[in-house]
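Below, each chain spelled out in residue letters.
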Amino acid sequence: MESLPREILVAEQDAEHIVHLCQHLEKLGCQVVATTGNGAEAVALASDKRPHLVLMGVDLSGDLDGISAAQIILGDHGIPSIYICTQDDPESVARVAASGPHVYILKPSEERELRLAIDVALCSRACENELKDTKEQLLQSEKLATIGQLAAGVAHEINNPAGYVKANVGSLAGYIEDFMGLLKLYEDHQSHFPDDVIDRIEGFKKQIDLDYLKDDVFALIAESQEGLDRLRRIVQDLKDFSRVDEAEWQWADIHQGIESTLNIVQNEIKYKATVIKQFGPLPQVECIISQINQVIMNLLVNAAHAIEDHGDITLATGTRGQDEVWISVHDTGKGIAKEDQRRIIEPFFTTKPVGEGTGLGLSLSYSIIERHGGSLELDSAPGKGATFTIRLPVRQERQPETR
């Protein structure tokens, strides 16, 4: 971890704690580029100094609290924050937890806890940068762009649980070392216990806060297990989404595919829209499920991009007779002009700003649905959002080529 860059901005109102943090950071080989107690100033300093990490107090002066400031800094510059929560204020911890999975420390902070939090945050950022570099090399077409979005989404979801599992294992290692120290004292003096030895043992127990360790070790194990369970669910969702080992025509559960796709693109859309599900009963459908998932992902991401502030994306499903199913994606975004609607499936046509889209997503989606013997329909008007409806036959009349 020593090779990771460690330029840090400290945003905290408590002047005493700033001094405390700076002392710890100096011992850890970190450079404090600036300190502030104001949220807006923290955003400005992050833009100017471009630190590798921000230690962010939850409560800051000014119009921006620490959570809002951290989200702006992460969104604008990709700089992560470690939140500073007050130990006797569970509300601040709850606010951090409600804003998403984040690394946080309690003040007054200890050097070991701070070191672990910094290592996790910087390691996660380094992994994300490596992934970003890899993604940029892959984005040669919309299909490769889809793979890149998928990989980025999964990496983002995995980084946080992996981070706190790693931090917990590090803490557990320290606790075990302390327990071993105590046990060795007992072993060295088990045949006789003079008063001075008892005093030393009691002093050591007090020094390591043995009662706290006994309780906390179980909490850490439970939290580690929760992280591992989450990792397992994410990996399973990715497997369900891509079905790389089953890229052939098969009978599939469309709703299961939609749920897996939603999990994958969650980070792409959760800040832009609330997803509303209106699912009707569906039969199994004969299809290449990984390709249907890809179409749904394209429509969901496009819907999120069409919403300027925050809106709704409604996913609905149903049947028409016994031979056809439909899936619709409706957004409350800006809509599509009539003159553009006729061209949206043309390769390389896009309504997005230059550099933000290849114009292949809808063209590829249209081709996939057409290959399935279905249709992709659009209903939209400027200012009234857009609805894309996929119609698919339940059974294929013949087995088309898979590519």
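Residues numbered from 1 in each chain as written. Predicted model: local features only at pLDDT ≥ 70, side-chain atom pairs only at ≥ 80, totals over all residues. Heavy atoms only, no water.

## Focus: the pattern of salt bridges
Cut-off, in case you're wondering: Basic side-chain nitrogens of Lys or Arg form a salt bridge, by our definition, when they fall within 4 Å of a carboxyl oxygen of Asp or Glu. Helix and strand labels come from DSSP, where a helix needs a run of H or I of at least four residues and a strand needs a run of E of at least two; each type is numbered from the N terminus. With a 1.4 Å probe rolled over the protein chains alone, any residue whose accessible area is under 20% of its type maximum counts as buried; one over 50% counts as exposed, and the rest are partly exposed.
Enumeration over the complete set of coordinates arrives at 6 salt bridges. One salt bridge in this structure joins Lys-107 and Glu-12, with 3.2 Å as the shortest N-O distance. Of this pair, Lys-107 sits in strand S5 (residues 104-107) while Glu-12 sits in the loop between strand S1 (7-11) and helix H1 (15-27); the two residues are 95 residues apart in sequence, bridging distant segments of the chain. For the pair Lys-107 and Glu-12, a shared accessibility class is recorded, and that class is buried. Within the structure, one salt-bridge network assembled from shared partners comprises Arg-320, Glu-324, Glu-377 and Arg-391.

## A word on the sheet that holds strand S10 (residues 324-331)
Going by this rule: In this scheme, strands are said to pair when DSSP sees at least two bridges between them. Note on geometry: axes are C-alpha line fits, over the in-contact stretch for helices, and angles between N-to-C directions span 0 to 180 degrees.
Ordered by their spatial adjacency, 5 strands build an open sheet running S7-S9-S10-S12-S11, and the pairing between neighbours is mixed. In this open sheet, the two edge strands, each paired with only one partner strand, are strand S7 (273-278) and strand S11 (375-380). The average undirected angle you get between the axes of adjacent strands in this sheet is 15°. As defined by bridge partners, S11 adjoins strand S12 (residues 386-393) across 6 bridges and the pair is classed as antiparallel. Across the sheet, residue Asp-379 finds its bridge partner in S12, namely Thr-387.

## Some details on the environment of Lys-27
Positionally, Lys-27 belongs in helix H1. In this structure the C-alpha to C-alpha distance between Lys-27 and Arg-115, which are 88 residues apart in sequence, comes to 9.9 Å.

## Here's the deal with helix H7 (residues 195-208)
The α-helix advances 3.6 residues per turn, and as a result positions three or four apart in sequence lie on the same side. Going by this rule: How far a helix is expected to stretch is found by multiplying one less than its residue total by 1.5 Å. Directions drawn from the helix axis to the C-beta atoms are what define this arc.
Along its 14 residues, H7 runs 20 Å from first to last C-alpha, staying within 8% of the 20 Å computed at 1.5 Å per residue. Here H7 has its buried residues at Val-197, Ile-201, Phe-204 and Ile-208. Viewed end-on, H7 has its buried residues packed into an arc of 65°, placing them on one side of the element. Among the exposed residues of H7, those pointing more than 90 degrees away from its buried face are Asp-195, Asp-199 and Lys-206. Backbone geometry just after H7 places Asp-209 at a positive phi near 55°.

## As for the confidence of the model for the chain
Heads up, the rule is: Along the chain, pLDDT gives the predictor's confidence residue by residue, from 0 to 100. Here, two residues are considered to be in contact whenever any of their heavy atoms come within 4.5 Å of each other.
Across the chain, the average pLDDT comes to 79, with 79% of residues at 70 or higher. The secondary structure element of the chain with the lowest average pLDDT is helix H6 (residues 142-188), at 69, and the one with the highest is S10, at 95. Contacts of residues 137-141 to residues separated by more than four positions or lying in other chains number 4 contacts, the stretch itself having pLDDT below 50. Of the regions scoring below 50 in pLDDT, residues 354-359 engages in 9 contacts with residues more than four places distant in sequence or in other chains.

## Quick notes on unusual backbone geometry
At Arg-50, a position not held by glycine, the phi torsion is positive, near 50°. As for its placement among the helices and strands, Arg-50 is situated in the loop between helix H2 (39-49) and strand S3 (53-57).

## Points about the nonpolar core
To keep things clear, this is the line we draw: Side-chain atoms within 4.5 Å are what join buried Ala, Val, Leu, Ile, Met, Phe, Trp, Tyr and Cys residues into a set we call a nonpolar core.
Ranked by internal contacts, the top residues of the largest apolar core, which has 35 residues, are Ile-254, Ile-292, Leu-299, Leu-300, Ile-313, Ile-327 and Ile-390. Within the residue set of this core, elements represented by two or more residues are helix H9 (254-264), strand S8 (285-287), helix H11 (289-306), strand S9 (311-320), S10, helix H13 (361-371) and S12. With 10 residues, the single largest contributor to this core is H11. Each residue touching Ile-313, except ones within four places of it in the same chain, is listed here: Ala-273, Thr-274, Val-275, Ile-276, Leu-300, Ala-303, Ala-304, Ile-307, Val-329, His-330 and Asp-331. Listed in part, the 19 residues of the second largest apolar core include Ala-11, Ala-34, Val-58 and Ala-70.

## Examining the packing of H2 against helix H3 (residues 66-77)
Stated formally: Angle categories: roughly parallel below 35 degrees, roughly antiparallel above 145, roughly perpendicular from 65 to 115, and oblique for all the rest. With the far helix as reference, a near helix turned anticlockwise by less than a right angle produces a left-handed crossing, and one turned clockwise produces a right-handed crossing. For this classification, Asp, Glu, Lys and Arg are treated as charged, while Ala, Val, Leu, Ile, Met, Phe, Trp, Tyr, Cys and Pro are nonpolar and the rest, including Gly, are polar.
In the contact formed by H2 and H3, the axes pass within 9 Å of each other and the chain directions differ by 20°. Relative to H3, the element H2 is oriented roughly parallel. For the pair H2 and H3, the crossing hand works out as right-handed. On H3, the residues that touch Gly-39, Ala-42, Val-43, Ala-46 and Ser-47 of H2 are Ala-69, Ile-72, Ile-73 and His-77. Split into classes, the residues belonging to the contact of H2 with H3 amount to 6 nonpolar, 3 polar and no charged.

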